[in-house]
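These are the residues of each chain, in order.
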Amino acid sequence: MQSLRQCERNILISFRSCLFRELKMKRALVISYILTFTLLASSQETPLTTGWRAIRASEVTIDGGRLTTADPDPAGWMNATVPGTVLTTLVNNGQVPDPWYGMNNEKIPDIWNAGRDYYTYWFFTRFTIPELDSTRQVWLKFRGINYRAEIWLNGTLLDDTIREGMFIRRKFNVTALLNRQGYNRLAVRVEPPLNPGNPNGGQGGDGTIGRDVTMQFTPGWDWIQPIRDRNTGIWDAVTIEVTGDIDVRDGYARTRVPGARLPGELQDPAFVTFSAELVNPTDRLVEGEVTVSFMGSTDKKKMKLEPRSSVTYKFPEMKQTDPRIWWPNGMGQPSLYPAVITFNDKKGNTLDREDLMFGFREAGSYFDDSTGARVFTINGQKLFVRGANWIASDGMLRLSPARYEAEVKMHAEMNMNMIRVWGGSITERPEFYDACDRNGILVWQDLWITGDCNGRWPD
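Residues numbered from 1 in each chain as written. Predicted model: local features only at pLDDT ≥ 70, side-chain atom pairs only at ≥ 80, totals over all residues. Heavy atoms only, no water.

Topic: the overall build of the chain
Convention followed: Helix and strand assignments come from DSSP, with helices taken as H or I runs of at least 4 residues and strands as E runs of at least 2, each series counted from the N terminus. Only protein chains enter the calculation, and the probe is 1.4 Å; a residue is then buried if its accessible area is under 20% of its type maximum, exposed if over 50%, and partly exposed in between. Accessible surface area values rest on a Shrake-Rupley calculation with a 1.4 Å probe, where residue burial reflects the displayed protein chains alone.
Broken down by element type, the chain carries seven helices and 25 strands. Counting every position in the chain, which comprises 459 residues, the buried fraction comes to 51%. For the chain, the computed accessible surface area is about 21,800 Å², with 50% contributed by carbon and sulfur atoms.

Quick notes on the sheet that holds strand β24 (residues 418–421)
Using the following cut-off: One bridge is not enough; two strands pair if DSSP finds at least two bridges between them. A fitted line through C-alpha atoms serves as each axis, taken over the contacting stretch for helices, and the angle formed by two N-to-C directions is quoted from 0 to 180°. Whether two residues touch is decided by their heavy atoms; if any such pair falls within 4.5 Å, the residues are in contact.
If you trace the three strands from one edge of the open sheet to the other, you get β23-β24-β25, paired in parallel fashion. Each edge of the open sheet is held by one strand with a lone partner, namely β23 (387–390) and β25 (442–445). In this sheet, adjacent strand axes meet at a mean angle of 25° when their direction is disregarded. As defined by bridge partners, β23 adjoins β24 across four bridges and the pair is classed as parallel. Each residue of the ladder has a partner; that of G387, found in β24, is M418. Along the sheet face, helix α7 (residues 430–439) touches β23, β24 and β25 and points at about 140° away from the line of β25.

Description of the environment of V443
The residue V443 is located in strand β25 in this model. With relative accessibility at 31%, the residue V443 sits in the partly exposed group. It is 7.1 Å that separates the C-alpha atoms of V443 and V421, two residues lying 22 residues apart in sequence. Each residue touching V443, except ones within four places of it in the same chain, is listed here: I419, V421, F432, Y433 and C436.

Focus on the pairing of strand β19 (residues 350–358)
Here strand β18 (residues 337–345) pairs with β19 via eight bridges, running antiparallel. Bridged to I341 within β19 is E354. Turn length for the β18-β19 hairpin, with the two strands adjacent in sequence and antiparallel, is four residues, and the turn residue G348 shows positive phi of about 90°.

Let's talk about the pattern of salt bridges
What counts is decided by this rule: Salt bridges are defined as contacts in which a side-chain nitrogen from Lys or Arg sits within 4 Å of a carboxyl oxygen from Asp or Glu.
Counted under the stated rule, the structure contains 32 salt bridges. Between D110 and R228 there is a salt bridge, with the nearest N and O atoms lying 3.1 Å from each other. Residue D110 is located in the loop between α4 (86–92) and α5 (111–114), and its partner R228 is located in the loop between β10 (184–191) and β11 (238–243); the two are separated by 118 residues in the primary sequence. Taking the relative accessible area as the measure of exposure, D110 reaches 4% and is therefore buried.

Observations concerning α7
Because an α-helix completes one turn every 3.6 residues, residues spaced three or four positions apart along the sequence face the same direction. What α7 keeps buried is the set F432, A435, C436, D437 and N439. On its buried face, α7 sits against β23, α6 (401–413), β24 and β25. Two residues or fewer after α7 comes G440, characterised by a positive phi angle close to 75°.

Regarding the pairing of strand β21 (residues 373–378)
The pairing of strand β20 (residues 363–368) with β21 spans six bridges and is classified as antiparallel. Within the sheet, the bridge partner assigned to A363 lies in β21 and is I378. Between β20 and β21, which follow one another and run antiparallel, lie four residues, and G372 among them has a positive phi close to 65°. In this structure, β21 lies alongside strand β22 (residues 381–383), joined through three bridges in antiparallel fashion. Paired with T377 across the two strands is K382, which belongs to β22. Hairpin connection from β21 to β22: two residues lie between these consecutive antiparallel strands, with N379 at a positive phi of about 55°.

A short note on the sheet that holds strand β15 (residues 297–305)
One open sheet accounts for four strands, arranged β15-β14-β18-β19; its pairing is antiparallel. This sheet does not close on itself; its edge strands, each paired only once, are β15 and β19. Recorded for the sheet is a direction-independent mean angle of 15° between the axes of neighbouring strands. As paired strands, strand β14 (residues 286–294) and β15 are joined by nine bridges and run antiparallel to one another. Bridging across to β15, S293 finds its partner in T298.

Put into structure tokens, the structure is as follows:
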């Protein structure tokens, strides 16, 4: 049986060979459509970021089934930016001017006047898969599409229910749908928010975009011009993941730091409880062992997963003697620990793994009636919050891990220790929260329908 790492090496060799042959035979078509597949050395996931094309949906006369059965006529399609919005793709292709210069935004049609169809687009790409043995499962993952989407692969609609909402994450097992020889064709039809709103100069335009689970500021605010497409598009990552017969998901570390702590001192023990979801997508019983490891500590549990089932397993609480405690910026070091959760079959083969970073910290709060304010605590100490309001730092969501790191680090260098992610904006990508962890920044994450302060505002 091939190891997962050997499988990844074979995928890389196969994709490079396929790309070279296609470049010799059909250079023009390949430049337009082929997805260059490069597996990351430290990950089982491969981002699908290149080879995408886009076209306004009204210019396509066939449905997604036919669109992903044979290559579409390349006429009218343009190179697409994924992750990215429709507006990003239009700007990058010179179809509209960059809205952040001069009065350029006034030259771009607004969805309120142009209609939702104007910014409804098809995105298309194709990729190849080398031979995989029967123990390999292939997953197609979407971390965010705004606002509605149909997703088609090789003539099949992946979800018969159209999902609505900017922050829905979807993961599809596509193993049975893959073409083992030749191309796999992927098409995504993306529609704007159902209530894009009138950008009439108000806070969020006329406010009707608030009926949708999306960014409320995109019809404009007092600090930003309207985003003409309301950030419609495949705005977050698309990846392909290869696992064994078990998929390990959503690894989580819940920490407990009892008592009042001080930075830099010999610490009493702290505690951590790990959990993860284990998914068996196959038609057979899978037996094996789930393991968590960190800093030389290991815990294991033998498991049997029934066909087509999933379970969330919580490990017993583990103790760390004299731990390095995570502290906010200015109070101490934001110490982090690596951990890995794996599932091995009875022969010891690793079917999947989930890597995570966590810090030993315990946050709390209470309401002080004498001051009429909420008091925040971290590791048993009162915390004086020095915070900033975070809204998407780029209106077209062109946010890379390097940019997140630089912008969050800038907050730390200004002696801040908390960022409030405003609820009228965005539930950020994971890379944002990772950068906050590394730089000692706590996050106050607004969510929708939480603006009444638990009823404390009389109006």
